[in-house]
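Survey of secondary and tertiary structure
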Amino acid sequence: MSERTGSALDFLHDEIEQLKQAGVFRYPRVLEGAQEPRAVFDGKEVVNLSSNNYLGLANHPKLREAARRAVDTYGAGSASVRTIAGTMSLHTELERRLAAFKRTEAALVYQSGFTANSGTVSAILGREDVIISDELNHASIIDGSRLSRATIKIYPHKDVAAMRRLLEESKDARRILVITDGVFSMDGDIAPLPDIVEVAKKYGAIVMVDDAHASGVLGENGRGTVDHFGLHGQVDIQIGTLSKAIGVLGGYVAGPQVLIDYLVQRARPFLFSTSHPPAVTAACLAALDILEQDDSLIKRLWDNARYFKEGLAELGFDVSGSETPIIPVIVGDGAKAMQLSDRLFEEGVFAQGIAYPTVPRGKARVRTIVTAAHSREDLDRALAAFEKVGRELDII
Ligand SMILES: *Cc1c(COP(=O)(O)O)cnc(C)c1O
């Protein structure tokens, strides 16, 4: 055997070289200070159109205060998984509050929205089952589906007729799960949930919706897409995140008590990974207080989104798909999307370029997310930069 030279990881150099040649090799920009509508990234002050801080809660005084107090009372960490010694009274209080907020029997908090999806799907389905999934569903749904070993069938984006055909051909499966994002994270459009529920129920399928981008954004006081469409009691499993509009970290599943009781026995991230530190949970509780008390932040969020979307459309950008504060500016070519993003940054606007494989080839974009915390001046400054750079790059 000839002796090998170099490192066993040398193949990664080639992989990276390919990404660089495609113009899509990226390192994350570094934020100094708090997540604010104007923030310093990579040493430059910019209008921040890249965070998921929809309601400006990430640096809200009430959340900061709740986190500080929880540290003083309960300490910095929980030092155990939930199922051994890591279930603190704060955790069960948050779950009670989330269930009441979502109008479900029960709720269970996971370390993230990602683990809430992957841990729930993989726990409740197995080899004999079928998962019917929108082609644009989040990576955590895809990973959870793979982990479950169920047969995965993908339907074209929001195509309920195609979904029905997949249900029909899967009739003999032990169980069927129909799963969709509530709001799609790269396009900002909303799932046709009433139609999905109607068809799925005819086939006795389980319906699950991932409301990561709808939590705190859609429905009464931000209760999500089920509330938005008036479908309480008709969607079996709702996933929410505490990491986006809620401003902190975590994910949860809301549904019937029997589902939660089962997940406590079987959901692997819940069983095998340490629970949230007290500061995280206390800050989430403070965020729920704010959401329940007053919806003025949500109103401001939607006003700002409307204003910014209309501004971009008037300039001639393609923002046609968006129905929410996620507003993608479609460019097409991956390298060009990155170029638009880089030039915007030089002009004082941070809007992330997104290309294949995160979105399909030919659908590369710069994704913007407007928040309640942006001022009109912030948005006008951003629109001026889009106009200047859009003309320069022949996009408008
Ligand atoms: C962000 C996101 C998640 C993951 O949520 P985290 O709390 O950040 O782990 C899951 N699903 C969708 C659709 C998302 O956009």
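Description of the structure in this document.

What counts and what doesn't
- Residues numbered from 1 in each chain as written.
- Predicted model: local features only at pLDDT ≥ 70, side-chain atom pairs only at ≥ 80, totals over all residues.
- Heavy atoms only, no water.
- Axes fitted to C-alpha atoms, helices over the stretch in contact; angles between N-to-C directions.
- Helix = DSSP H or I, 4+ residues; strand = E, 2+ residues; numbered from the N terminus.
- Parallel < 35°, antiparallel > 145°, perpendicular 65-115°, else oblique.
- Left-handed = near helix turned anticlockwise from the far one by under 90°.
- Contact = heavy atoms within 4.5 Å.
- Patch = residues over 30% accessible without salt bridge, like charges linked within 9 Å, V, L, I, M, F, W, Y side chains within 5 Å.
- Areas by Shrake-Rupley, 256 points an atom, 1.4 Å probe, with all protein chains shown as cover.
- Salt bridge = Lys/Arg side-chain N within 4 Å of Asp/Glu carboxyl O.
- Buried < 20%, exposed > 50% of the residue type's maximum accessible area, 1.4 Å probe, protein only.
- Polar contact = N/O pair within 3.5 Å; in protein donor to acceptor, adjacent residues only side chain to side chain.
- Pairing = 2+ DSSP bridges.
- Near = heavy atom within 4 Å.
- Nonpolar A, V, L, I, M, F, W, Y, C, P; charged D, E, K, R; others polar.
- Core = buried A, V, L, I, M, F, W, Y, C linked by side-chain atoms within 4.5 Å.

Quick look at the packing of helix α12 (residues 296–315) against helix α14 (residues 376–392) now. Two elements in contact, α12 and α14, have axes separated by 10 Å at closest approach and are oriented at 20°. Between α12 and α14, the interaxial angle falls into the category roughly parallel. Judged by the twist between their axes, the crossing of α12 over α14 is right-handed. Where α12 approaches α14, its residues Asp-303, Asn-304, Tyr-307, Phe-308, Gly-311, Leu-312 and Leu-315 are matched on the opposing element by Arg-376, Leu-379, Asp-380, Ala-382, Leu-383, Phe-386 and Glu-387.

Residues Leu-9, Phe-11 and Leu-12 make up a contiguous nonpolar surface patch of about 290 Å² in total accessible area. Considering the arrangement of structural elements, one finds Phe-11 in helix α1 (residues 11–21). For Phe-11, a relative accessible area of 46% translates into the label partly exposed.

Structurally, the position occupied by Ser-51 is in the loop between β3 (44–48) and α2 (61–74). Engagement of the side chain of Ser-51 in a polar contact is seen with the backbone nitrogen of Asn-53, the distance being 3.1 Å. If sequence neighbours within four positions are ignored, Ser-51 has contacts with Gln-35, Ile-369 and Thr-371.

Here we take up the environment of Gln-339. Structurally, the position occupied by Gln-339 is in helix α13 (residues 334–346). With a relative accessible area of 39%, Gln-339 lands in the partly exposed category. Note: C-alpha distance between Gln-339 and Val-366 (27 residues apart in sequence) is 9.6 Å.

It is worth spelling out the sheet that holds strand β11 (residues 326–332) at this point. Strand pairing in a sheet relies on backbone hydrogen bonds, with the paired strands running either antiparallel or parallel. In spatial order, the strands read β11-β14-β13; together these three strands make up an open sheet with antiparallel pairing. Whereas interior strands pair on both sides, the edge strands pair on one side only; in this sheet they are β11 and β13 (352–354). With strand direction ignored, the average angle separating the axes of adjacent strands in the sheet is 30°. Bridging between β11 and strand β14 (residues 364–369) involves six bridges; their strand directions are antiparallel. Directly across from Ile-330, in β14, lies its bridge partner Arg-365. The sheet contacts of α12 involve β11 and β14, and relative to β11 the element is tilted by about 20°.

Right, let's get into the site of the ligand. Residues in close proximity to the ligand total 15 residues, the closest being Gly-113, Asp-210, Thr-241, Ser-243 and Lys-244. Within the side chain of Lys-244, an N or O atom sits 2.6 Å from an oxygen atom of the ligand. About the coverage of the ligand: the protein hides 86% of its 380 Å² of free accessible area. With three residues, helix α4 (residues 113–124) is the largest single contributor of residues to the shell around the ligand. Residue classes in the shell around the ligand are distributed as two nonpolar, ten polar and three charged.

Before going further, it helps to spend a moment on the side chain of Thr-281. Mapped onto the elements, Thr-281 comes out in helix α11 (residues 278–293). Overall, Thr-281 belongs to the buried group, its relative accessible area being 1%.

Below, the discussion takes up the nonpolar core. Tyr-54, Leu-55, Leu-94, Leu-98 and Leu-242 are the most contacted members of the largest nonpolar core, which has 41 residues in total. When contributions to this core are tallied by element, the ones reaching two or more residues are α2, α3 (89–102), β4 (106–110), β10 (251–255), α11 and α12. With eleven residues, the single largest contributor to this core is α11. In contact with Leu-242, not counting residues within four places along its chain, are Leu-94, Leu-98, Val-109, Gly-247, Val-248, Leu-249, Gly-250, Gly-251, Tyr-252 and Cys-284.

Applying the stated rule across the entire model yields 31 salt bridges. Here Asp-42 and Arg-29 are joined by a salt bridge, their closest N and O atoms 3.2 Å apart. Of this pair, Asp-42 sits in the loop between β2 (38–41) and β3 while Arg-29 sits in the loop between α1 and β1 (31–32), and the two are 13 residues apart along the sequence. Note that Glu-323 is salt-bridged to Lys-158, the shortest N-O span being 3.7 Å. One end of the pair, Glu-323, is in the loop between α12 and β11; the other, Lys-158, is in the loop between β6 (151–155) and α6 (160–169), and 165 residues separate them in sequence. Here Glu-323 falls in the partly exposed class, since its relative accessible area comes to 37%.

This next bit is on the sheet that holds β1. With mixed pairing, the four strands of this open sheet are ordered in space as β1-β2-β3-β12. Looking at which strands have only one partner, the edges of the open sheet turn out to be β1 and β12 (349–350). The sheet contact formed by β2 and β3 spans four bridges and is antiparallel. Opposite Arg-38, over in β3, you have Val-47 as the bridge partner.

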